[in-house]
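Chains, contacts and geometry: an overview
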Amino acid sequence: MSLKIGTQVRAIRIGEKFYRWAMTGRSLCCSPEGIEKARKALDYHSLSQKALAEELGMSRQPVTNFFAGKRIDRKYFYQICERLKLEWDEIVAKPPSEPEAEANQDNSVNIDALVQEVREKIKPDIQERCGTMRVLDMSQPIGLNDIYTNVNILEKVTGRKRKKIAELLQECNSEDFERFGLGRISEQRVPGLVAVEKSSKLMILGKPGAGKTTFLKYLAIQCNRAEFQAGQVPIFVSLKDFAEATGKPGLLKYISQQFAGCGIVREDAVPLADELLKHGRTLVLLDGLDEVREEDTTHVLKEIRDFSDHFRDNHFVMTCRIAAREYTFDKFTEVEVADFDDEQIATFATQWFKDKAVKAETFIQRIKDNNRIKQLAASPLLLTLLCLAFEESGNFPANRSELYKEGLDALLKKWDAKRGIYRTQLYKKLSVQRKEDLLSKIALTTFEGGDYFFKQKVAEQYIKEYIRNLPDANTDPEALQLDSEVILRSIEAQHGLLVERAKGIYSFSHLTFHEYFTAREIMFGEYFSEEVLQNLVSHISDKRWREVFLLAVGMSSSGDRLLLLMKQQVDALVTADEKLQRFLVWVNQKSISVKTPYKPAAVRAFNFEYFTSFDFVLSSLSDNEIVFVSSIRIKKKSLNRDLISSLIHLVHLINDKMIIAISDNCISCAEPAYDFATELVPSVARELKQVMQQLRKQLPKVDGDKERLEQWWKANDQFWTEQIRAIIIKYRNIGQYWKFSEYQMELLEQYHDANKLLVECLNSDVVLTPEVRSQIEDTLLLPITEIEKRK
């Protein structure tokens, strides 16, 4: 009996040791017999390995390794077994013998203790190297956790997609140009931590300033706090520092030296790093592969490959700029850091402006109000720059070209220089001025053609045409082609100003930069002339050139000539149309008849807006309560434009408590709680009041009966509105039938938008002589005859 009990106890002990062995090991693998069972189960469920991976939401690598008998993460092993209806302990490779199990059990306890011990000792080092960030012109470091915003990952690298230009334009919603954001092409995103969990070997690619290093530092801190990858020890390695370390140590030795610097040593001289790595208990974070010098590349690549293969049971995350290197790591899954979305921008800003005089809400609203600046905010680096700029004055500079130039300087000069990073020599030979000149030529040529996306071969041709004219240029066609390819890749990798949006298709990283470089080429290009300015102003009515005008005005040392040309072009839009000129004469007459302290141009602008608008909403404030006065929204075909103006003036002129509201051929009356009419318009003649009160008596008393009201309107609308028109024409000189054609309506809209742009330029940080400013302001929205009189 005792022997039997002893045998049972021994079996239980072995089972317990097997369980502990299975659970403490990070990875498991299939036995040969288990692989055969798994293959049969796969066939039984009519699944392929690819379909199995997709169904389980994991990459193909764990599934492939599972059926190859290779070790995979324990959780993936369980998931695959569960889907195939297999008992994991029946197909897993056999555990070691009892003596081995006992040794492993003893060792596993030591490893758990070792993980805790090492974490505690490296904590100060991790905090010092990863706990703060300081970029650009920050006056002092800022705590990473005080500013960190969760990163999103694109599981498909943008530049690897195979799409046509037409598809990319469709994704960007190019029809609504004001929301056209080249940096916001939609892709499915996953949280960064989820992406790291899914792949044991991950290569994170991203544009300069996309937040790759910050994310790795965050992983290191979270791991050391046991809040992520709780069973691992974080090992953070700057690959640039590793490559330049004295004596060119191997990666294992370099990590061991890091540990020794933290006071982590053992009496038996066995490297603790080696022991942790052998047991798969580390999270290895390799930062900045693109920052390694060319002469160190071979050494570093070999070390990474050998190290990650030898210690394959560990978790690896590596970062690199997109297009920085022309090689791949076969066993690493490549993903891309996504641009910040609106929620991330708001989160970052809220944390940045916390406890500061400038409020985050103000910054966020300014971002929302300016789509071009909002595009820049999608980059964490440029968002930091925007926060720094906004913090100084509580607003963005009036001259946006200066703000954009500061952002470009950050990408072209400061970002690498402040970290002591040196890039490819071929591209480095181009000075910052030459780099900007090259980008400006590409920008203007493509923008004029409406080519927001352009093929790689086209971009390379532009580069060849530029560099062949430089001193000491190699004019051999083959050499020029090779140089153009390298330069294009270097622009993308080093500065992120050109980006591969799909295989062989490029664009500027932001529409903002495309417009900036276009304006720069116009104002500072080698062929600057009167003809160049004339070509620019020919686009005055083209909405997509609006930002280029504003930037060009901001760049000019004197805006006199450019704004005078713009004014001439604006007036020329309607000069040849006699009816539109009569309309402007009438608007001017109406403006002159109004006694007001405002400038005549401002009154003309108000009247022009008033009599050419389709949408009026008026309101008044009384006792902290908003009172609805009138809301008229009428489709083009329901009532003509001038009748709408007549009806609105009727509302204003009735000096009692009646409101008239019209919508889609239906009219209704109401009694407001507040008599606003006497405050909005001056008193009118008694005769006019009497006539309008008689007109009001014709309105039916429907007591909310909408159907009866609609019937009355259908029967009386023409007669009643003609009476309104006659009264308004007689007493107020409005309500005339202009009957503009569709073409004239389009011209009026262009004229309106062009004048609005001209006013924005006047109100910007433009340098103008007082004489030119006065000349433009005094003649805004005037008919050509009046303009000629004032010359």
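No experiment lies behind these values; they were computed from the predicted model shown.

**Some thoughts on the sheet that holds strand S5 (residues 152-154)**
Where strands meet in a sheet, backbone hydrogen bonds hold them as pairs that are either parallel or antiparallel. Across the sheet, seven strands lie side by side as S6-S5-S11-S7-S10-S9-S8; this open sheet has mixed pairing. The outermost strands of the open sheet, each flanked by one partner alone, are strand S6 (189-191) and strand S8 (233-238). Pairs of neighbouring strands in the sheet enclose a mean axial angle of 30 degrees, with direction left out of account. Both S5 and strand S11 (residues 333-337) contribute to a ladder of two bridges, which runs antiparallel.

**Side note on the sheet that holds strand S12 (residues 454-455)**
Spatial ordering of the open sheet is given by S12-S14-S13, a layout of three strands whose pairing is antiparallel. If you trace the sheet from one side to the other, it starts and ends with S12 and strand S13 (498-502), each paired once. One ladder, built from four bridges, connects S13 with strand S14 (residues 505-508); its direction is antiparallel. For glutamate 500, the partnering residue across the bridge sits in S14 and is tyrosine 506. Relative to S13, helix H24 (residues 477-495) is tilted by about 100 degrees, and along the sheet it contacts S13 and S14.

**With respect to the nonpolar core**
Among the nonpolar cores identified, the biggest contains 179 residues, and Leu239, Phe259, Leu289, Phe363, Leu563 and Met566 are the most heavily contacted of them. Setting aside its immediate chain neighbours within four residues, leucine 239 contacts Leu286, Asp287, Gly288, Leu289, Val292, Val300, Ile304 and Met318. In terms of nonpolar packing, the next biggest core, distinct from the first, is built from 22 residues, Leu28, Met58, Phe66 and Cys81 among them.

**Here's the deal with the confidence of the model for the protein chain**
In this model, the protein chain carries an average pLDDT of 78, and 74% of its residues clear a pLDDT of 70 or more. For residues 1-24, every residue scores under 50 in pLDDT, and the model assigns this stretch 22 contacts once sequence neighbours within four places are set aside. The low-confidence segment residues 174-185 (pLDDT under 50) makes 46 contacts with residues lying over four places distant or belonging to another chain.

**Focus: the pattern of salt bridges**
Counting across every chain of the model gives 36 salt bridges. A salt bridge links glutamate 515 to arginine 372, with the shortest nitrogen-to-oxygen separation between them at 2.8 Å. Placement of the pair is glutamate 515 in helix H25 (residues 511-524) and arginine 372 in helix H18 (residues 371-376), with a sequence separation of 143 residues. Arginine 372 matches glutamate 515 in its accessibility class, with the two residues each being buried. Of the charged contacts in the structure, one is a salt bridge between arginine 520 and aspartate 437, with a shortest N-O distance of 3.0 Å. One end of the pair, arginine 520, is in helix H25; the other, aspartate 437, is in helix H22 (residues 432-448), with 83 residues separating them in the sequence. For arginine 520, a relative accessible area of 7% corresponds to the buried category. Here the residues in one salt-bridge network are Lys240, Glu244, Lys248, Arg293, Glu295 and Asp296, joined through shared partners.

**A word on the packing of helix H23 (residues 456-467) against H24**
Interhelical geometry of H23 versus H24 gives an angle of 110 degrees and a closest axis separation of 9 Å. Between H23 and H24, the angle is such that the two are roughly perpendicular. For the pair H23 and H24, the crossing hand works out as right-handed. Together, Gln456, Ala459, Glu460, Ile463, Lys464 and Ile467 of H23 and Leu480, Gln481, Asp483, Ser484, Glu485, Ile487 and Leu488 of H24 make up the contact between the two elements. Looking at the contact of H23 with H24 residue by residue, the classes come out as six nonpolar, three polar and four charged.

**Here's the deal with the environment of glycine 261**
In this fold, glycine 261 is placed in helix H13 (residues 251-261). When its relative accessible area of 67% is taken as the criterion, glycine 261 is described as exposed. As a C-alpha pair, glycine 261 and lysine 121 span 140 residues in sequence and 10.0 Å in three-dimensional space.

**Some points on the packing of helix H28 (residues 560-575) against helix H36 (residues 770-778)**
The relative placement of two packed helices comes down to the angle between their axes together with the axis-to-axis distance. Direction vectors running N to C along H28 and H36 enclose 15 degrees, while the axes themselves pass 10 Å from each other. Put simply, H28 runs roughly parallel to H36. For the pair H28 and H36, the sense of crossing is left-handed. Contacts from Asp560, Leu563, Leu564 and Lys567 in H28 reach Val772, Gln775 and Ile776 in H36.

**Considering unusual backbone geometry**
The phi torsion at lysine 85 lies on the positive side, around 60 degrees, for a residue other than glycine. With respect to the secondary-structure elements, lysine 85 resides in the loop between helix H5 (74-83) and helix H6 (88-91). For leucine 781, which is not glycine, the phi torsion reads 60 degrees and is therefore positive. Within the element layout of this structure, leucine 781 appears in the loop between H36 and helix H37 (784-790). The class of leucine 781 is buried, set by a relative accessible area of 7%.

How each quantity is defined
Residues numbered from 1 in each chain as written. Predicted model: local features only at pLDDT ≥ 70, side-chain atom pairs only at ≥ 80, totals over all residues. Heavy atoms only, no water. Pairing = 2+ DSSP bridges. Helix = DSSP H or I, 4+ residues; strand = E, 2+ residues; numbered from the N terminus. Axes fitted to C-alpha atoms, helices over the stretch in contact; angles between N-to-C directions. Contact = heavy atoms within 4.5 Å. Core = buried A, V, L, I, M, F, W, Y, C linked by side-chain atoms within 4.5 Å. Buried < 20%, exposed > 50% of the residue type's maximum accessible area, 1.4 Å probe, protein only. pLDDT = per-residue confidence, 0-100. Salt bridge = Lys/Arg side-chain N within 4 Å of Asp/Glu carboxyl O. Parallel < 35°, antiparallel > 145°, perpendicular 65-115°, else oblique. Left-handed = near helix turned anticlockwise from the far one by under 90°. Nonpolar A, V, L, I, M, F, W, Y, C, P; charged D, E, K, R; others polar.

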